[in-house]
Amino acid sequence: MNTNSIPITLDGKVHPVPMGITVAAALSLRSDGTTRDSVQGERRAAFCGMGICQECRVLINGQRRLACQTLCASGMVVDTRSCGETP
Ligand code: FES
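Residues numbered from 1 in each chain as written. Predicted model: local features only at pLDDT ≥ 70, side-chain atom pairs only at ≥ 80, totals over all residues.

Trainee: Please give an account of the overall build of the chain that cites residues and values.
Mentor: Tallying secondary structure elements over the chain gives one helix and seven strands in all. Each helix and strand of the chain, placed in order from N terminus to C terminus, yields the pattern β-β-α-β-β-β-β-β. When the backbone C-alpha atoms are referred to their principal axes, the chain occupies close to 40 × 25 × 20 Å. Here the analysis covers contacts within the chain between residues at least 6 apart in sequence; of these, 38% occur between residues at least 24 apart. (Helix = DSSP H or I, 4+ residues; strand = E, 2+ residues; numbered from the N terminus. Contact = placed C-beta atoms within 7 Å.)

Trainee: Give me the sheet that holds strand E7 (residues 77–79): which residues, what numbers.
Mentor: In space, the five strands of this open sheet follow the order E2-E1-E7-E5-E6, with mixed pairing throughout. What marks the edges here is a single partner per strand, and that holds for strand E2 (13–18) and strand E6 (63–66). Geometrically, the sheet is characterised by an average inter-axis angle of 40° between neighbouring strands, direction not taken into account. Note that strand E1 (residues 5–10) and E2 share six bridges and pair antiparallel. Its bridge partner being in E2, Ser 5 is matched across the sheet by Pro 18. (Pairing = 2+ DSSP bridges. Axes fitted to C-alpha atoms, helices over the stretch in contact; angles between N-to-C directions.)

Trainee: Tell me about the environment of Ala 26, and please be specific about residues and values.
Mentor: The topology assignment puts Ala 26 in helix H1 (residues 23–30). Its 24 C-beta neighbours within 10 Å are what place Ala 26 among the buried residues. In this structure Ala 26 touches Ile 8, Leu 10, Val 17, Ile 21 and Cys 72, once residues within four positions along its chain are discounted. (Buried ≥ 20, exposed ≤ 12 C-beta atoms within 10 Å, placed from the backbone.)

Trainee: How would you explain the nonpolar core if you had to name every residue and give the values?
Mentor: Counting 16 residues, the largest nonpolar core has Val 23, Ala 24, Ala 26, Cys 56 and Ala 67 as its most contacted members. Elements with a minimum of two residues in this core: E1, H1 and strand E5 (57–60). (Core = buried A, V, L, I, M, F, W, Y, C linked by C-beta atoms within 7 Å.)

Trainee: Before we move on, could you go through unusual backbone geometry and cite the residues and values that matter?
Mentor: Of note in the backbone geometry, Asp 11 takes a positive phi value of approximately 50° without being a glycine. Residue placement: Asp 11 occurs in the loop between E1 and E2. For Asp 11, a count of 17 C-beta atoms within 10 Å puts it in the partly exposed group. One non-glycine residue, Gln 54, adopts positive backbone phi at about 70°. On the secondary structure map, Gln 54 appears in the loop between strand E4 (43–45) and E5.

Trainee: Describe the environment of Gln 69, naming the residues involved and giving the relevant values.
Mentor: Counting through the fold element by element, Gln 69 comes out in the loop between E6 and E7. For Gln 69, a count of 13 C-beta atoms within 10 Å puts it in the partly exposed group. Linking Gln 69 and Gly 20, residues 49 residues apart in sequence, is a C-alpha distance of 12 Å.

Written out as structure tokens, the structure is:
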């Protein structure tokens, strides 16, 4: 990890990501880029990138947040597998 990167945990694995990027960007760099499961069980991913579509909902430090509107922070824990639709 260089001095311009910070560690975050994505679905249980620690990854270095560049400082100043959003969680949505980190997901596209360090995983398959998906963010959650739909009610039909399909994986979803960030679409609009500006807080409108809600497709990028993830759990960040245990709270539901929009990945495209959240900057990565050192030690942040992101969970894309537990933020499905609530019936
Ligand atoms: S990508 Fe649309 S709200 Fe985040």
